[in-house]
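# Structure assessment
What follows is each chain in one-letter form.
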Amino acid sequence: MEYVFPTYARYPIDIVDGEDVHLVDSQGQQYLDFTSGIGVCSFGYSNQLIKDSVDTQAGKVWHTSNLYDSQLQDQVAAKLVEPGMLTFFCNSGTEANEAALKLARKSSGKTKVIAFNDSFHGRTYGSLSMTGNPGIKEGFFPLVPSIEFADFDDDAALTQIDNQTAAVILEVIQGEGGVNNAHADWLQAIETKAHQVGALLIIDEVQTGIGRTGTKFAYQNYDLHPDIVTLAKALGNGLPIGAMIGKQELASAFGPGSHGTTFGGNKLSLAAADAVLDQLTPEFLTAVQAKSKSVWAILKNEIAQQSIVTAISGQGLMIGIHLDEQVNVEDIVKALQQDGLLTLSAKHNTLRLLPPLVMNTEELTTGLTKINQILSQFAQTKMEAKS
């Protein structure tokens, strides 16, 4: 790519077409997609309801300023939030987390924020400052001050939450950081301590939200009651949209002029989100849970038995296969690409799977079979090298 900044270590695959849960590159190679565009296209690449909704809106008006009322924004927000919550629409997950940081500091009058090692909240300055990955911060200091880090799923974090804390931000399952699960009792203890000292609990659902774990939001699996929730990715199924959801009592801190965005709440993106949320029914989520049960049976009974697999983590259709450090996860990803399956990597040598939620059990099984075969080949090669 001659005219684009090299900000990504791109694979030499140019995706030019897609149908359902399959993608095609410029060379005509077909792929079964276990990435969903990094957790974005949960309804696949040819969902008719989403296409119809966007086409209808495109025939009206594409964009209007946020200086005017938007019934479409209110309509989508009503489908998104629980009673007593309000929504701010933006363009991405990092923008949603920026908004959350600003709202937490302004509403509390405090500045200290507790975040977690191995977290990922985005690459703009506020979100980057709350991200627990030192490698992606190099060259960008000084970052936003008064942000402290604690170990994820570790009770020692409770001691860092005090009366000076404005907010605690976390993912209930860390995605980029290695698909790391937190225990329910730890998450609940964090929420209790935060609320005891008057701090807000911010839950980043950018990757886990909109059905990925079998519920609308992943925090609903843990009996949590966050003050602020951030999301993006799957909300627009490929059209750029993010959202920050916050409790109604925080509204006075986010009045006119306190925050804004030119393209947030864009009508085309909202039309896509509207169709996504219409399809995110209880019946749909029940189907995701059923498919997930089949997937996890294969993961536990077959893939976990591979000698180069050290652990499997995640929930629903968010999966991390942790590999022996003598095997490079990127070699696995590339081998699977050659076999017609697209997968992802994550921190700590993790093979990350985020298949579309509409993928059927047969297709999911096909993908997992490919993974099992490739892992077996790498395990055999490792054994031969030792002997």
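Our structure's up above, just so we're on the same page.
Residues numbered from 1 in each chain as written. Predicted model: local features only at pLDDT ≥ 70, side-chain atom pairs only at ≥ 80, totals over all residues. Heavy atoms only, no water.

## Considering the sheet that holds strand 14 (residues 318-323)
This is how the line gets drawn: Only strands joined by at least two bridges in the DSSP assignment are considered to pair. Starting at the N terminus, helices and strands are each numbered in turn, a helix being any DSSP run of H or I of at least four residues and a strand any DSSP run of E of at least two. For helices, the axis comes from a line fit to the C-alpha atoms of the stretch in contact; other axes are also lines fit to C-alpha atoms, and the angle between any two N-to-C directions lies between 0 and 180 degrees. Two residues form a contact once any of their heavy atoms are found within 4.5 Å.
The strand order 13-14-17-16 describes an open sheet built from four strands, whose pairing is antiparallel. Edge positions in the sheet fall to strand 13 (309-315) and strand 16 (344-346), since each has one partner strand and no second. Ignoring strand direction, the axes of neighbouring strands in this sheet form an average angle of 25°. For strand 14 and strand 17 (residues 350-353), the ladder comprises four bridges, and the chain directions are antiparallel. Each residue of the ladder has a partner; that of Ile 319, found in strand 17, is Leu 353. Most of the contacts of helix 9 (residues 329-338) go to strand 17, to which it runs at about 40°, and overall it touches strand 14, strand 16 and strand 17. Across the sheet, helix 10 (residues 361-386) lies against strand 13, strand 14 and strand 17, angled at about 165° from strand 17, the strand it touches most.

## Some points on the sheet that holds strand 4 (residues 85-90)
If you walk across this open sheet you meet the seven strands as 4-12-11-10-7-5-6, and the pairing is mixed. For this open sheet the edge positions go to strand 4 and strand 6 (147-150), each flanked by a neighbour on one side alone. Taken pair by pair, the neighbouring strands of this sheet meet at an average axis angle of 20°, ignoring direction. In terms of strand pairing, strand 4 meets strand 12 (residues 242-247) through six bridges, oriented antiparallel. By the bridge assignment for strand 12, Leu 86 is matched with Gly 246. Sitting on the sheet, helix 3 (residues 71-80) touches strand 4, strand 11 (228-231) and strand 12, and the angle it makes with strand 4 is about 125°.

## Structural notes on a nonpolar patch on the surface
Filter applied, for reference: To count toward a patch, a residue needs a relative accessible area over 30% and no salt bridge; like charges are then connected within 9 Å, while nonpolar side chains (Val, Leu, Ile, Met, Phe, Trp, Tyr) are connected within 5 Å. Only the protein chains shown count as cover for residues, with accessible areas throughout obtained via the Shrake-Rupley method and a probe of 1.4 Å. Salt bridges are counted wherever a side-chain nitrogen of Lys or Arg sits within 4 Å of a carboxyl oxygen of Asp or Glu.
Judged by side-chain polarity, Met 1, Tyr 3 and Val 4 come together as a nonpolar surface patch covering roughly 420 Å² of accessible area. Mapped onto the secondary structure, Met 1 falls in the segment before strand 1 (15-19).

## A word on the packing of aromatic side chains
Heads up, the rule is: For this analysis, a ring pair means two rings from Phe, Tyr or Trp (six-membered ring only for Trp) whose centres lie within 6.5 Å, classed as stacked if their planes differ by under 30 degrees, edge-to-face if by over 60, and tilted for the remaining angles. Three labels apply to residues, based on accessible area from a 1.4 Å probe with only protein chains included: buried if under 20% of the type maximum, exposed if over 50%, partly exposed otherwise in between.
In this structure the tally under the stated criterion is six aromatic pairs. Taken together, a centroid distance of 5.3 Å and an interplanar angle of 75° make the contact between Phe 116 and Trp 186 edge-to-face. With Phe 116 in strand 5 (residues 112-116) and Trp 186 in helix 6 (residues 184-196), the pair connects residues that are 70 residues apart, well separated along the chain. Comparing Phe 116 with Trp 186 shows no difference in burial state: the two are buried.

## A look at the side chain of Asn 180
Our working definition: Polar contact is defined as a pair of N or O atoms within 3.5 Å, subject to the rule that within protein one atom must be able to donate a hydrogen and the other to accept it, and that residues adjacent in sequence are counted only when both atoms are side-chain atoms.
As for its position among the elements, Asn 180 is in strand 9 (residues 180-181). By relative accessible area, Asn 180 is classed as buried at 17%. A polar side-chain atom of Asn 180 sits 2.9 Å from a polar atom in the side chain of Gln 174. Setting aside anything within four residues of it in sequence, one finds Asn 180 in contact with Asp 118, Phe 152, Val 172, Ile 173, Gln 174 and His 322.

## Quick notes on the packing of helix 9 against helix 10
As a reminder of what qualifies: Angle categories are assigned with fixed cut-offs, so that under 35 degrees is roughly parallel, over 145 is roughly antiparallel, 65 to 115 is roughly perpendicular, and the rest are oblique. By convention, the crossing between two helices is left-handed when the near helix turns anticlockwise from the far helix through less than a right angle, and right-handed when the turn is clockwise. Under the convention adopted here, Pro, Cys and the residues Ala, Val, Leu, Ile, Met, Phe, Trp and Tyr are nonpolar, Asp, Glu, Lys and Arg are charged, and Gly plus all remaining residues are polar.
Closest axis-to-axis distance for the helix 9/helix 10 pair is 10 Å, and the angle between their directions is 125°. Here helix 9 is positioned oblique relative to helix 10, judged by the angle of their axes. As helix 9 runs across helix 10, the sense of the crossing is right-handed. Of the residues in helix 10, those touching helix 9 at Asp 331, Ile 332, Ala 335 and Leu 336 are Lys 370, Ile 371, Ile 374, Leu 375 and Phe 378. Its residues assigned to classes, the contact of helix 9 with helix 10 comprises seven nonpolar, no polar and two charged.

## Comments concerning the nonpolar core
Across soluble globular proteins, nonpolar side chains have a tendency to be buried as a group. The following threshold applies: Residues belong to one nonpolar core when they are buried, are Ala, Val, Leu, Ile, Met, Phe, Trp, Tyr or Cys, and are joined through side-chain atoms within 4.5 Å.
Leu 80 and Ile 371 are the most contacted members of the largest nonpolar core, which totals 90 residues. Sort the elements by how many residues they give to this core and helix 7 (residues 267-279) lands first, with eight residues. Every residue in contact with Leu 80, bar those within four places of it in the chain, is listed here: Thr 87, Phe 89, Ile 210, Lys 216, Phe 217, Leu 231, Leu 235, Ala 243, Ile 245 and Leu 277. Counting 21 residues, the second largest nonpolar core, distinct from the first, contains Ala 99, Ala 100, Leu 101 and Leu 200.

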